[in-house]
Amino acid sequence: MAVITMQNRPNKAHKIQPAPTPFELAVLSDKTQMDAQNSAITTIRETGKSRYQQLGFPTRRLEAWKFIDLKALQNTEFLPYPDNLATVNKADLAPYMIGGNTNASRLVFVNGRYVDSLSNTAGIPKSITAISLMLASREMPTELSALENIFDATTDAFAALNAATVEDGVLLSIPQQTVVDKPIQILLVSTGDSSAPRMASPRCLVELGQGAKAELVVECIGLGKTGAVQPTVNNTVIQIAARPEAELRMTLIQEARHEATAYSFTSTEAKLEANSCLEMTTVALRGGIARHNVQAHLLEEGAHCTLNGLNVLNGDTKVHHHTEIHHLAPACTSEQVYKSILEDQSMADFDGTITVARHAQKTDSSQMNRTLLLSEDAKTYTRPQLKIDADDVKCAHGATVGQLEEEQLFYLVSRGLNPEIAQCLLTFGFAEDVINRINLPLVRQYLESRVLENMGQSHNPKSCYASCTKIEKSACEIEG
Amino acid sequence: MLTIQDLQASVNDTSILNGVNLQVNAGEVHAIMGPNGSGKSTLSKVVAGHPAFEVTGGDVLFEGKSLMDLDPNERALAGIFLAFQYPVEVPGVSNADFLRLAYNSKQVHNGQPEIDEDAFSDILKEKAKIVEMDESFINRAVNEGFSGGEKKRNEILQMAVLEPKLAILDETDSGLDIDALKIVSAGVNKLKSKDNAVVVITHYQRLLDYIKPDFVHVLAGGKIIKSGGRELALELEEKGYDWLLGDKAAVGAGSGGQ
Ligand SMILES: Nc1ncnc2c1ncn2[C@@H]1O[C@H](COP(=O)(O)OP(=O)(O)O)[C@@H](O)[C@H]1O
Ligand SMILES: [Mg+2]
């Protein structure tokens, strides 16, 4: 199949540089002074800046940005957060404690900067490097630069912008053969501001040595402090380098509770070496305009990558998923299941490309995108693209859009469930089907509760079942 | 218990049931046989209340009350259970959760207290033994990735949990090997009593060696064209349906044919 796409290529029309937009003028002006010791971060910024200048602001003519309206963003001057703006306290983070455990391993960033007092690193084994990018830049600049150099120049304009404006982030390095069996949580919190539009640009570098295994929960959370009425951008980059036989399981949760317009961009790039494995689940919940870009490079034989996704959206939330899986070596496997539950006027867009290089024989790849529309005003777009240059490959893809299936509903009600409960159960089951694919029960349960919190009352099995039985009970009482 | 009177039903304006009459009393076992496409599954789904089928004439009474005004869940709560010919897969919904909700719906309906997860788990384990079903199936998504035989066992497990007054088993024996067949029929027999009734839809006499019917009916062209005792099943096994169908054989299913 020949697919001509323009995605991620600098738009030719932009060779003649248009005048910088208010957005670009604001974010690319050098307001933050980096101290001289932070040479590694300074290098990241300079590289990012020149890369952004090559790529230019993404227009909707680019396939990968087709359904995203960034006009309002382009005309807004987003500024870095001032030093000690918002105080986030432990109580604010209570909803984000996995398993309700305040002592679990956690690195907390507020508005793009590491906050030690909210973090908890005591449980992280000593052999693991888990430090802020700022500190890494000062104390281990050679390692930091080496890790950065694994990644090619990004093709994503917002990833380049992240580099150009980065202040802090995390460097997480798991040595070879080290197994971390408890999840490490990285909370990237943004607060918004009352005085100006703000942008945060946290950057996460993750390296797994040969045979290392780890489980990460990364969350991009708009806390939505009251009074923070100005728009926000949370522009995150995650870079993953997996050495042979390494395994990373990662759940990326994004949610914006801001009062004002919130843009959440994440850009995840993974380099997977021989027989390594990345299992990533991206979960988008309520609020704002979000774009999740995941690019996985299966570099060596036997690498595997699972990219799953779940949108549980309501209100005006708009979420875009752009995935690229590049099969660059023989006998690599990849799987994708993206599902959306859309209420109100929400919108979800899935644009997933699989490329198979000429010598990547015995590739096995599947992709599925399913959407449940719970309202007439909700919208979805799905654009699978296969670009296959090898001949001995298995690639399957498909998409479904619709309401709950009548046969499933009938099956449940034929066992005595009332129709409202049956609908709740099926709707939550639609999401649960993605959650069930996550390895750790602890993370599954955490996600279940986060998803339930985001589901409207009428689709929520817990509240629905309670109220349904109550209604029946009172009916019984009247009869009796 | 169940009285079907001159029942006519259609789907998308094609008539499928053309006047079915059947009387099932408590304590009885009935077998319904008949060629493919003759309307057996349709009959069972109409009794269970499937919305795709429109009842265009006649009536179905359960314990003297017409079912026509009852929703499918109300029919289930009244004590009707259908083991589907093709049980549906329900990804993301666990067998245990689903069955507990169904069980508790019944408890509430009967004015009994609802029971919690732990108490239900004990009941479920006990019932799973009846169909010799591995406990690991209990927490899996409903029917998802189950083999044909496992799906059929899961239907009987549900029946064991819900203890219906009337069970309609639609080709529960199809796709079962002989061991599974014995287990499933032993399960059905264990649940049989003088107060409830079973209707088995089947193509094979061999099931009727295990679940012994009091009456055998032949459904063809959307009508019951012959009824008899157990020996009718043996006769059908030997001679097929042609001798009964006569000219109707050419007509096939439904009045519209296909
Ligand atoms: N949902 C449906 N839509 C259209 N036709 C149907 C539907 N269900 C059953 N039919 C038709 O009705 C007839 C009887 O089918 P069914 O009751 O499944 O027969 P049996 O179970 O005896 O094999 C067949 O011709 C079948 O194609
Ligand atoms: Mg049938």
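About the thresholds
- Residue positions are given per chain, counting from 1 as you read along its sequence in written order.
- For naming, the first written chain is A and the first written ligand is 1, with later ones following in the order written.
- Residue-level local features of this predicted model are given only where pLDDT is at least 70; pairs of side-chain atoms are given and counted only at 80 or more, and the full residue set underlies all totals for whole chains, interfaces and linings.
- With hydrogens and water set aside, each side-chain value is computed from the structure's full complement of heavy atoms.
- To qualify as a helix, a DSSP run of H or I must reach at least 4 residues; to qualify as a strand, a run of E must reach at least 2; elements of each kind are numbered from the N terminus.
- Only protein chains enter the area calculation, which uses a 1.4 Å probe; residues under 20% of their type maximum are buried, those over 50% are exposed, and those in between are partly exposed.
- Residue contacts are counted whenever heavy atoms from the two residues lie within 4.5 Å of one another.
- To measure how exposed things are, a 1.4 Å probe is used in the Shrake-Rupley method; for residues, cover is taken only from the protein chains shown.
- What is meant by a nonpolar core is a set of buried Ala, Val, Leu, Ile, Met, Phe, Trp, Tyr and Cys residues, joined one to another through side-chain atoms within 4.5 Å.
- Note on definitions: buried area is the accessible-area loss of two parts on being combined, 1.4 Å probe, summed for both.
- When a carboxyl oxygen of Asp or Glu lies within 4 Å of a side-chain nitrogen of Lys or Arg, that pair is called a salt bridge.
- To be clear, the arc concerns the directions from the helix axis to the C-beta atoms.
- What fixes the domain bounds is an automatic or database domain assignment.
- The donor definition counts N, O and S atoms within 2.8 Å of each metal and applies 3.2 Å to Na, K and Ca; water is not among these atoms, so some sites may look incomplete.
- Any two rings among Phe, Tyr and Trp, with Trp reduced to its six-membered ring, count as a pair given centres within 6.5 Å; such a pair is stacked if its planes are under 30 degrees apart, edge-to-face if over 60, and tilted if neither.
- Any Lys NZ or Arg CZ that is within 6 Å of a ring centre and within 35 degrees of that ring's normal is treated as a charge sitting over the ring.
- To get an axis, fit a line to the C-alpha atoms, keeping to the stretch in contact for a helix; angles then go from 0 to 180 degrees between the N-to-C directions.
- Roughly parallel means an angle under 35 degrees; roughly antiparallel, over 145; roughly perpendicular, 65 to 115; everything else is oblique.
- Note on convention: the crossing is left-handed when the near helix lies turned anticlockwise from the far helix by less than a right angle, right-handed when the turn is clockwise.
- Under the convention adopted here, Pro, Cys and the residues Ala, Val, Leu, Ile, Met, Phe, Trp and Tyr are nonpolar, Asp, Glu, Lys and Arg are charged, and Gly plus all remaining residues are polar.
- Two strands pair under a simple rule: DSSP has to find at least two bridges between them.
- What a helix is expected to span follows from its residue count: subtract one and scale by 1.5 Å.
- The term disulfide is used for any two cysteine sulfur atoms that are within 2.5 Å.

**Focus on the overall build of chain A**
Step number 1: Helix and strand counts for chain A stand at 10 helices and 21 strands.
Step number 2: Buried positions account for 60% of the 480 residues belonging to chain A.
Step number 3: Sequence separation of 24 or more characterises 86% of the internal contacts of chain A that already satisfy a separation of 6 or more.
Step number 4: Of the roughly 19,000 Å² of accessible surface on chain A, a fraction of 51% belongs to carbon and sulfur atoms.

**A word on the nonpolar core**
Step number 1: Ranked by size, the top nonpolar core spans 91 residues in total, and within it Leu412(A), Ile4(B), Leu166(B) and Leu169(B) carry the most contacts.
Step number 2: In this structure, Leu412(A) is in contact with Leu417(A), Ala422(A), Leu425(A), Leu426(A), Val90(B) and Phe98(B), ignoring residues within four places of it in sequence.
Step number 3: Counting 42 residues, the second largest nonpolar core, distinct from the first, contains Leu107(A), Cys220(A), Leu298(A) and Phe350(A).

**Observations regarding the interface of chain B and chain A**
Step number 1: On the chain A side, the residues contacting the 34 residues of chain B number 25 residues.
Step number 2: Regarding the contact of chain B and chain A, the summed buried area is about 2,500 Å², with carbon and sulfur atoms giving 66% of it.
Step number 3: Joining chain B to chain A, the criterion identifies one salt bridge.
Step number 4: Between Glu155(B) and Arg415(A) there is a salt bridge, with its nearest N and O atoms 2.7 Å apart.

**Focus: the environment of Ala128(B)**
All names here are of chain B.
Step number 1: Mapped onto the secondary structure, alanine 128 falls in helix α4 (residues 117–130).
Step number 2: You can call alanine 128 buried: its relative accessible area is 1%.
Step number 3: For alanine 128 and leucine 169, which are 41 residues apart along the polypeptide, the C-alpha to C-alpha distance reads 18 Å.
Step number 4: In this structure, alanine 128 is in contact with Met133, Ile138 and Leu157, ignoring residues within four places of it in sequence.

**Looking at helix α8 (residues 230–239) of chain B**
Residues and elements named next belong to chain B.
Step number 1: Of the residues making up α8, those classed as buried are Leu232, Ala233 and Leu236. The buried side chains of α8 occupy one side of the element, clustering within an arc of 105° when seen end-on. In this structure, α8 carries Glu231 and Glu238 as exposed residues pointing more than 90 degrees from its buried face.
Step number 2: Among the structural elements, β3 (29–33), α7 (205–210), β11 (215–220), β12 (223–228) and α9 (242–245) are those in contact with the buried residues of α8.
Step number 3: Just downstream of α8 lies glycine 240, where phi reads positive at about 75°.

**Brief notes about the domain arrangement of chain A**
Residues and elements named next belong to chain A.
Step number 1: Assigned domains within chain A: domain 1 (38–48 + 76–410) and domain 2 (411–480).
Step number 2: Each of domain 1 and domain 2 has a C-alpha centre, and these two points are 29 Å apart.
Step number 3: Note on domain 1 versus domain 2: buried area summed over both sides is about 2,900 Å², and carbon and sulfur give 66% of it.
Step number 4: Summed over the three residues of domain 1 that lose the most area to domain 2, namely Lys339, Leu409 and Phe410, the buried surface amounts to 18% of that side.
Step number 5: Run the count over domain 1 and domain 2 and you get four salt bridges.
Step number 6: The shortest N-O distance in the salt bridge between arginine 257 and glutamate 453 comes to 3.5 Å.

**Brief notes about the coordination of the magnesium ion (ligand 2)**
Residues and elements named next belong to chain B.
Step number 1: Taken together, the protein ligands of the magnesium ion (ligand 2) are Ser41 (OG) and Gln85 (OE1), with distances of 2.1 Å. Placement of the pair is serine 41 in helix α1 (residues 40–48) and glutamine 85 in the loop between β6 (80–83) and β7 (90–94), with a sequence separation of 44 residues. Each member of the pair, serine 41 together with glutamine 85, is buried.

**Comments concerning the packing of aromatic side chains**
Step number 1: One pass over the structure, following the stated rule, counts 17 aromatic pairs over all chains.
Step number 2: With a centroid separation of 3.8 Å and 15° between ring planes, the pair formed by Phe67(A) and Tyr381(A) is classed as stacked. Placement of the pair is Phe67(A) in the loop between α2 (39–55) and α3 (71–74) and Tyr381(A) in strand β20 (residues 379–388), with a sequence separation of 314 residues.
Step number 3: Clustering of aromatic rings is evident, with ring pairs tying together Phe23(A), Phe57(A), Trp65(A), Phe78(A), Phe158(A), Tyr263(A) and Phe265(A).
Step number 4: The ring of Tyr204(B) carries Arg206(B) above its face, with NZ or CZ at 5.8 Å from the centroid.

**A closer look at the pattern of salt bridges**
Pairing of side chains with opposite charge becomes possible as their charged atoms draw close.
Residues and elements named next belong to chain B.
Step number 1: Counted by the stated rule, this structure contains 30 salt bridges over all chains.
Step number 2: Where glutamate 126 meets lysine 129, a salt bridge forms, and the shortest distance between an N and an O atom there is 3.7 Å. Linking glutamate 126 with lysine 129, this pair stays in helix α4, spanning three residues, or about one helical turn.
Step number 3: Take lysine 129: its relative accessible area is 57%, and that puts it in the exposed class.

**Digging into the packing of helix α7 (residues 406–413) of chain A against helix α8 (residues 419–435) of chain A**
Residues and elements named next belong to chain A.
Step number 1: One can describe the packing of α7 onto α8 by two numbers: an axis separation of 9 Å at closest approach and a directional angle of 125°. Put simply, α7 runs oblique to α8. Both α7 and α8 take part in a crossing whose hand is right-handed. Contact with α7, carried on its side by Gln408, Leu409, Leu412 and Val413, involves Pro419, Ala422, Gln423, Leu425 and Leu426 of α8 and no other residues of that element.
Step number 2: Of the residues that constitute the contact of α7 with α8, the class distribution is seven nonpolar, two polar and no charged.

**Considerations on the sheet that holds strand β21 (residues 393–402) of chain A**
All names here are of chain A.
Step number 1: Within the open sheet, the 10 strands sit side by side as β3-β2-β6-β9-β11-β13-β15-β17-β19-β21. Their pairing is mixed. Both outer strands of the open sheet, β3 (113–114) and β21, are each paired with one neighbouring strand and no more.
Step number 2: Here eight bridges tie strand β11 (residues 247–256) to strand β13 (residues 277–284), and the two strands are oriented parallel to one another. Within the sheet, the bridge partner assigned to methionine 250 lies in β13 and is methionine 280.
Step number 3: Packing of α8 onto the sheet brings it into contact with β13, β15 (304–313), β17 (333–342) and β19 (363–373), and relative to β17 it is tilted by some 155°.
Step number 4: Packed on one face of the sheet, helix α9 (residues 441–454) meets β6 (184–190), β9 (213–222), β11, β13 and β15 and runs near 20° to β11.

**Quick look at the sheet that holds strand β4 (residues 54–62) of chain B**
All names here are of chain B.
Step number 1: Spatial strand order, β2-β1-β4-β5: four strands in an open sheet with antiparallel pairing. This sheet does not close on itself; its edge strands, each paired only once, are β2 (14–24) and β5 (65–66).
Step number 2: Sheet topology note: the β4/β5 ladder contains two bridges and is antiparallel. Each residue of the ladder has a partner; that of leucine 61, found in β5, is serine 66.
Step number 3: α1 contacts β1 (2–11), β2 and β4 of the sheet and is inclined by roughly 110° relative to β1.

**Concerning the environment of Ala164(A)**
Step number 1: Among the secondary structure elements, Ala164(A) is positioned in helix α6 (residues 157–165).
Step number 2: Taking the C-alpha atoms as reference, Ala164(A) lies 7.3 Å from Leu28(A); in sequence the two are 136 residues apart.

**Focus on helix α5 (residues 148–162) of chain B**
Every α-helix carries 3.6 residues per turn, so stepping three or four residues along brings you back to the same face.
Step number 1: The end-to-end C-alpha separation of α5(B) is 22 Å, in line with the 21 Å expected for 15 residues at 1.5 Å each.
Step number 2: Of the residues flanking the end of α5(B), it is Glu163(B), one or two places downstream, whose phi is positive at about 45°.

**A short note on the state of the cysteines**
All names here are of chain A.
Step number 1: Within the structure shown, the criterion is met by zero disulfides over all chains.
Step number 2: Of all cysteine sulfurs, the one in cysteine 220 lies closest to cysteine 204, which takes part in no disulfide; the gap is 7.7 Å.
Step number 3: Residue cysteine 204 is classed as buried on the basis of its relative accessible area of 1%.
Step number 4: No disulfide involves cysteine 332; its nearest neighbouring cysteine sulfur is the one of cysteine 305, lying 9.7 Å away.

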